[in-house]
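Tertiary structure, described
Letter by letter, the chains look like this.
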Number of protein chains: 6
Amino acid sequence: QDSGDSWLPSLLTETPQEGFDLAVTMARKGVTTTQGDKDVLFAVRPNYASDPQSLIDVSGVIAMYFATVAQANDHWEE
Amino acid sequence: QDSGDSWLPSLLTETPQEGFDLAVTMARKGVTTTQGDKDVLFAVRPNYASDPQSLIDVSGVIAMYFATVAQANDHWEE
Amino acid sequence: QDSGDSWLPSLLTETPQEGFDLAVTMARKGVTTTQGDKDVLFAVRPNYASDPQSLIDVSGVIAMYFATVAQANDHWEE
Amino acid sequence: QDSGDSWLPSLLTETPQEGFDLAVTMARKGVTTTQGDKDVLFAVRPNYASDPQSLIDVSGVIAMYFATVAQANDHWEE
Amino acid sequence: QDSGDSWLPSLLTETPQEGFDLAVTMARKGVTTTQGDKDVLFAVRPNYASDPQSLIDVSGVIAMYFATVAQANDHWEE
Amino acid sequence: QDSGDSWLPSLLTETPQEGFDLAVTMARKGVTTTQGDKDVLFAVRPNYASDPQSLIDVSGVIAMYFATVAQANDHWEE
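Residues numbered from 1 in each chain as written. Chains lettered and ligands numbered in written order. Predicted model: local features only at pLDDT ≥ 70, side-chain atom pairs only at ≥ 80, totals over all residues. Heavy atoms only, no water.

**Looking at the overall build of chain A**
Selection rule: Numbering of helices and strands starts at the N terminus; helices are DSSP runs of H or I of at least 4 residues and strands are runs of E of at least 2. Any residue under 20% of the maximum accessible area for its type is buried, any over 50% is exposed, and the rest in between are partly exposed; the area is computed with a 1.4 Å probe on protein chains only. Contacts between residues were defined by any pair of non-hydrogen atoms, one from each residue, lying within 4.5 Å. The accessible surface values rely on the Shrake-Rupley method and a 1.4 Å probe; as for residues, cover is taken only from the protein chains in view. Lys and Arg are tallied as positive, Asp and Glu as negative. Neither His nor the chain termini are counted. We put the charge of a Lys on NZ, of an Arg on CZ, of an Asp on CG and of a Glu on CD.
In terms of regular secondary structure, chain A is built from 3 helices and 0 strands. Traced from its N-terminal end to its C-terminal end, chain A shows the element sequence α-α-α. Across its three principal directions, the C-alpha atoms of chain A cover 40 × 30 × 15 Å. Considering chain A as a whole, with its 78 residues, one finds that 55% of them fall into the buried category. Taking as baseline every contact in chain A between residues at least 6 positions apart, the subset at least 24 positions apart corresponds to 57%. Here chain A displays about 3,500 Å² of accessible surface, and carbon together with sulfur accounts for 51% of that area. Between the averaged position of the 4 positive side-chain charges in chain A and that of its 12 negative side-chain charges there is a distance of 11 Å.

**Focus: helix 3 (residues 52–72) of chain C**
Residues and elements named next belong to chain C. To keep it simple, the criterion reads: Take the number of residues in a helix, subtract one, and multiply by 1.5 Å to get its expected span.
Taking 1.5 Å as the rise per residue, helix 3 with 21 residues should run 30 Å; its terminal C-alpha atoms sit 30 Å apart, in good agreement. For helix 3, the tally of buried residues reaches 18 of 21 residues, placing the bulk of the element in the interior. Phi turns positive, to about 45 degrees, at Asp 74, one or two residues after helix 3.

**Re the side chain of Asp 57 of chain C**
In plain terms, the rule: For this analysis, a salt bridge means a side-chain nitrogen from Lys or Arg found within 4 Å of a carboxyl oxygen belonging to Asp or Glu.
Along the chain, Asp 57 of chain C turns up in helix 3. One buried charged residue, Asp 57 of chain C, forms no salt bridge at all, with the nearest opposite charge on Arg 45 of chain C at 15 Å.

**Comments concerning the relation of the copies chain F and chain E**
Condition: Superposing the copies works by least squares over the C-alpha atoms of residues that have pLDDT at least 70 in both of them.
Take chain F, turn it by 60 degrees, move it 0.0 Å along the axis, and it overlays chain E with an RMSD of 0.0 Å. Both copies are brought into coincidence by an operation consistent with a six-fold rotation axis. Among all C-alpha atoms of chain F, that of Met 64 of chain F lies closest to the rotation axis, at 7.0 Å. Taken as a fraction of all interface residues of chain F, those also at the interface in chain E reach only 19%, which identifies the copy contact as different-surface.

**Comments concerning the environment of Leu 12 of chain F**
Residues and elements named next belong to chain F. Inspection of the secondary structure puts Leu 12 in the segment before helix 1 (16–32). Residue classification places Leu 12 among the partly exposed residues on the basis of a relative accessible area of 40%. Residues Leu 12 and Gln 35, spaced 23 residues apart in sequence, show a C-alpha to C-alpha distance of 27 Å.

**Comments concerning the environment of Asn 47 of chain E**
Secondary-structure assignment places Asn 47 of chain E in helix 2 (residues 38–49). When its relative accessible area of 47% is taken as the criterion, Asn 47 of chain E is described as partly exposed.

**A closer look at the arrangement of the chains**
Chain A shows no contact with chain E. Their nearest C-alpha atoms sit 12 Å apart. Nothing in chain D touches chain E, and the closest approach of their C-alpha atoms is 12 Å.

**Thoughts on the relation of the copies chain A and chain B**
You can overlay chain A on chain B at an RMSD of 0.0 Å; the transform is a turn of 60 degrees with a shift of 0.0 Å along its axis. With a heterologous cut-off of 20% or less, the 19% of interface residues of chain A that recur at the interface of chain B puts this contact in the heterologous class.

**Description of the interface of chain A and chain B**
Applicable threshold: Two parts placed together each lose some accessible area under a 1.4 Å probe, and the buried area is that loss summed for both. Counted as a polar contact is a pair of N or O atoms within 3.5 Å, where, for protein atoms, one must be capable of donating a hydrogen and the other of accepting one, and residues adjacent in sequence contribute only when both atoms are in side chains. Classification convention: Asp, Glu, Lys, Arg as charged; Ala, Val, Leu, Ile, Met, Phe, Trp, Tyr, Cys, Pro as nonpolar; all other residues, Gly among them, as polar.
Listed as interface residues are 31 residues of chain A and, on the opposing side, 31 residues of chain B. Taking both partners together, chain A and chain B bury about 2,500 Å²; carbon and sulfur atoms supply 62% of that area. For the chain A face of the interface with chain B, the top three residues by lost area are Gln 17, Phe 20 and Ile 56 of chain A, together amounting to 23%. At the junction of chain A with chain B, the criterion picks out 0 salt bridges. At the junction of chain A with chain B, the criterion picks out 10 residue pairs in polar contact (both at pLDDT 80 or more). The dominant element in the side of chain A that touches chain B, judged by the number of residues it contributes, is helix 3 (residues 52–72) of chain A, at 15 residues. By residue class, the composition of the side of chain A that touches chain B is 16 nonpolar, 8 polar and 7 charged.

Put into structure tokens, the structure is as follows:
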């Protein structure tokens, strides 16, 4: 790909918080890879956005991507 | 970001217990990233806070973040 | 196998995004290994493609394969 | 913290079995962090303590904490 | 054991695809360890083989075994 | 503990298959740690032993323990 238009040019970030934000982006990409129709996603948001089980599971998925991003950045150790 | 107002300036903590507390903070952040409305979260608390399945899953999500925090701190080995 | 017709000749990719795409391919392969009948898979798509819980879980499965692909590529560190 | 009253002063244990016990403690702490009311936890015990799905999930959560404790102890290799 | 009749003599494989196949074998073994009765497994196949949630979860379990097999093979790096 | 009566004196095994068997033992221990009453466990067996979702989840829990056992044994590399 032309890395110019890539959504994931690199796993490296400046800070853990940016790493967390990248993990959130990857978690969402994992959803839109399966369901690309934004209207469908918007329509189902009320279901999961107030369902504790879904909210907990989303946090778990972010944790999995974050673990990989943290390793890529050597855990941002000074 | 100005690391002054960052919620996750670093993964480093003094002790495993502080590492566990940080993992709890990250697990909660993983929820509020999806559902930022505190009122909604407060309203659904009775559902998950006495549902064994949700309580077990929350502990699992904390475990995932804790694994990453522990690696960042070399497991706090003396 | 003759690596010519192998669907998984290597875990190495040029970029993280290609690594993510490979993880998606592996996640799907994990499904078709159990259910090889494309018609069945096509028939059940409406169920999971608009079910938040399934969409979140798919993203989690992609995250697991991506973690392995990222390690294989040393996290594409320059 | 004064490590005297810390529930998690260290991840180091003498044996794998003590490491497993520590993982069980951490898994439970992950629950009580969300639901601190022992009466509530006691009231819901009958639900999960005879529900195979919950019992399996608890074992999985213990496995996640155990993986981290094992790494902290270099897998107790002689 | 006499490794002659062992179903898991080694984690080493020639290629990533053979590693994936081994992970599938291990995932299935994890099921038959609990339920050894092939007739029961055959009887319940229609339930899970067209249930998206089960198919996604199976792929996730394969991913966990594959991660371990990939590490054992140093990710088949040339 | 007196390692004589310990159920988990070590994570080391001769072969991957013995490592898998140990992982199964640990997965079961993770259940009996929560529910020690064998009669209860025996009574609920019909529920999970023919429930695909439970069988898949059990395999996933075994995979988590196996990953740790494999690391402890350097993946039994010759």
